[in-house]
Amino acid sequence: MKLKQRVVLLAILLVIFIFTKVFLIDNLDSSAANREDQKAFHRMMAGLRVELAPKLDHTLQSPWEIAAQWVVPREVYPEETPELGAIMHAMATKKVIKADVGYKGTQLKALLILEGGQKVVFKPKRYNRDYVVEGEPYAGYDRHNAEVAAFHLDRILGFRRAPLVVGRFVNLRTEVKPVATEQLLSTFLTVGNNTCFYGKCYYCRETEPACADGDTMEGSVTLWLPDVWPLQKHRHPWGRTYREGKLARWEYDESYCDAVKKTSPYDSGPRLLDIIDTAVFDYLIGNADRHHYESFQDDEGASMLILLDNAKSFGNPSLDERSILAPLYQCCIIRVSTWNRLNYLKNGVLKSALKSAMAHDPISPVLSEPHLDAVDQRLLSVLATVKQCTDQFGADTVLVEDRMPLSHL
């Protein structure tokens, strides 16, 4: 072989060697991250079923103290929660020692204080499981079962940003009325043989009360976050105007995400990726009503986006409100860990996981089969949206490592 040919061959081999080495190193790093994501997924699946039991092993702390200690800036509860069943049992059974009207808002709720001083938000049942809410995606009353299902979806996705929720039956006559404030008590009435109340809120009306089955009312209870973690409210950058004929900027400006990336707290830190995660979460549950969101105060953008108030979900299983995914398809970025988790949940795994997670809830079955099928179908749309982004911009641009600073976006 001539010298010139040998030099060319050696040069080609050297290029192949360097490329292979870089490729292998990159993939080793990627494989290690993927393996950790897969391990986390298997740990989640193994601990998915939560049996409500009163016993707390190896601790003298109350369920409320344990739940309060779980809360940190980036999660409401940790990955491994052996005490979760005991805490949810307490939420579903502890004696109500005070009942009041709910905190301000548009929908009916009651603020209950349980034995031990723990606050919970009670949302009453308004619809049967198979009822379909027609009209706009944000139409209708709050769905109490949606709060329960959304909490378990938060567990399954590995976000851990939703407050604890469990179903509960309360006797309005014997458990609530004797300890109710005058303000709440004044909203009680009887319709037929059923005890009802209409509370105090923007849309609360005496003509539209929530009624028990006799005296027993089904509902959900959401654990109040510790007072040492005060909340700060933010307008969602992809929120709706709720005005007929008036569009929000994101609905007509194709470069809107670029403007968001230049605005605090989305110009650095994890908040923009939290917005993307939340868009995926809301699309899966059919929630088009997150016009505001909460984080912890004085966080400088480091706090998680807390997944509060998820009851405007699971109203219509036929709903496919693609605009909920606007942050994802306009920004075309998503966390690697979120992308991996979504892929692990396809082919019916998500539906199965949700059913398993909710099986022991006191108000089980929490969702009807059409709603469970709809979640699986919406997952396919999320995966297809991410694939469109990676086809257009490449996986290296779209899939963002969880701890990567966002100044490059």
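Residues numbered from 1 in each chain as written. Predicted model: local features only at pLDDT ≥ 70, side-chain atom pairs only at ≥ 80, totals over all residues. Heavy atoms only, no water.

In the nomenclature of an unreviewed UniProt entry, the protein is known as Glycosaminoglycan xylosylkinase of Phyllostomus discolor. One UniProt comment on the protein, placed under Subcellular location (unreviewed entry), says "Golgi apparatus". One UniProt comment on the protein, placed under Cofactor (unreviewed entry), says "Mn(2+)". (UniProt positions renumbered as here; feature names shortened; annotations may be inferred.)

Enquirer: Residue-level account of the sheet that holds strand β4 (residues 165-171), with values.
Expert: Strand order in the open sheet formed by five strands is β1-β2-β3-β8-β4, with antiparallel pairing between adjacent strands. For this open sheet the edge positions go to β1 (96-101) and β4, each flanked by a neighbour on one side alone. Going across the sheet, the axis of each strand differs from the next one's by a mean of 35 degrees, ignoring polarity. As paired elements, strand β2 (residues 110-114) and strand β3 (residues 118-124) share five bridges and run antiparallel to each other. Of the residues in β3, the one forming a bridge with Leu112 is Val120. (Pairing = 2+ DSSP bridges. Helix = DSSP H or I, 4+ residues; strand = E, 2+ residues; numbered from the N terminus. Axes fitted to C-alpha atoms, helices over the stretch in contact; angles between N-to-C directions.)

Enquirer: Summarise the state of the cysteines; cite the residues concerned and give the values.
Expert: Within this structure, the stated rule accounts for four disulfides. Covalent S-S linkage joins Cys196 and Cys211, the inter-sulfur distance amounting to 2.1 Å. Torsion about the S-S bond of the Cys196 and Cys211 cystine: about 105 degrees, corresponding to right-handed handedness. Placement of the pair is Cys196 in strand β6 (residues 194-197) and Cys211 in strand β7 (residues 210-211), with a sequence separation of 15 residues. Exposure remark for Cys196: the relative accessible area of 0% places this residue in the buried category. The partner cysteine of Cys257 in its disulfide is Cys331, sulfur to sulfur 1.9 Å. As the torsion about the S-S bond is roughly 110 degrees, the Cys257-Cys331 disulfide counts as right-handed. Highlighted residues: Cys257 in helix α7 (residues 256-260) and Cys331 in helix α9 (residues 326-331), separated in sequence by 74 residues. Taking the relative accessible area as the measure of exposure, Cys257 reaches 2% and is therefore buried. For Cys331, a relative accessible area of 7% puts it in the buried group. In the protein, the bonded cysteines, taken in the order they occur along the sequence, pair up as 1-4, 2-3, 5-6, 7-8. (Disulfide = S-S within 2.5 Å. Buried < 20%, exposed > 50% of the residue type's maximum accessible area, 1.4 Å probe, protein only.)

Enquirer: I'd like a description of the UniProt feature "binding site: ATP" (unreviewed entry) in the protein, backed by residues and values.
Expert: Mapped onto the present numbering, the UniProt feature "binding site: ATP" (unreviewed entry) falls on Gln107, Lys123, Thr222, Leu223, Trp224, Leu225, Glu294 and Asp309. Inspection of the secondary structure assignment puts Trp224 in the loop between β8 (216-223) and β9 (231-235). What Trp224 contacts, discounting residues up to four positions off in sequence, is Tyr103, Leu111, Gln118, Lys119, Val120 and Val121. Note on Leu225: relative accessible area 10%, which makes it buried. Discounting chain neighbours no more than four positions away, the residues touching Leu225 are Val71, Val76, Pro163, Leu231, Phe296 and Ile306. (Contact = heavy atoms within 4.5 Å.)

Enquirer: So what's going on with the sheet that holds β6? Residues and values would help.
Expert: Within the open sheet, the three strands sit side by side as β5-β6-β7. Their pairing is antiparallel. Because the sheet does not close on itself, it has two edges, and the strands there are β5 (188-191) and β7. Pairing geometry for β5 and β6, over four bridges, is antiparallel. Each bridged residue has a counterpart across the sheet, and for Leu189 the counterpart in β6 is Cys196.

Enquirer: Account for the confidence of the model for the protein, naming residues and giving values.
Expert: Where the model shows low pLDDT, its predicted coordinates should not be examined in detail. Per-chain confidence: the protein averages 90 in pLDDT, with 90% of residues scoring 70 or above. Here residues 15-29 scores under 50 on pLDDT; set against residues more than four positions off or in separate chains, the count is zero contacts. Of the regions scoring below 50 in pLDDT, residues 404-409 engages in 10 contacts with residues more than four places distant in sequence or in other chains. (pLDDT = per-residue confidence, 0-100.)

Enquirer: Go over the nonpolar core, please, and point to the residues and values.
Expert: Ile156, Leu164, Trp238 and Ile334 are the most contacted members of the largest nonpolar core, which totals 111 residues. Top element by residues in this core is helix α8 (residues 271-285). It accounts for nine residues. Each of domain 1 (70-222) and domain 2 (231-400) gives at least three residues to this core. Once you skip the residues sitting within four places of it in the chain, Trp238 turns out to touch Trp250, Tyr256, Cys257, Val260, Leu272, Ile275, Ala326, Pro327, Gln330 and Cys331. (Core = buried A, V, L, I, M, F, W, Y, C linked by side-chain atoms within 4.5 Å. Domains from an automatic or database assignment.)

Enquirer: So what's going on with the pattern of salt bridges? Residues and values would help.
Expert: This structure, assessed with the given rule, holds 21 salt bridges. For Glu321, the salt bridge identified is with Arg240, shortest N-O distance 3.2 Å. Pair noted here: Glu321 is in the loop between β10 (292-296) and α9 and Arg240 is in the loop between β9 and α7, with a separation of 81 residues, a long-range link. Here Glu321 falls in the partly exposed class, since its relative accessible area comes to 21%. Salt-bridge contacts for Arg290 lead to Asp282; the nearest nitrogen and oxygen are separated by 2.7 Å. This pair shows no difference in class: Arg290 is buried, exactly as Asp282 is. Beyond isolated ion pairs, a larger network of salt bridges with shared partners links Arg74, Arg161, Asp274, Asp277 and Arg335. (Salt bridge = Lys/Arg side-chain N within 4 Å of Asp/Glu carboxyl O.)

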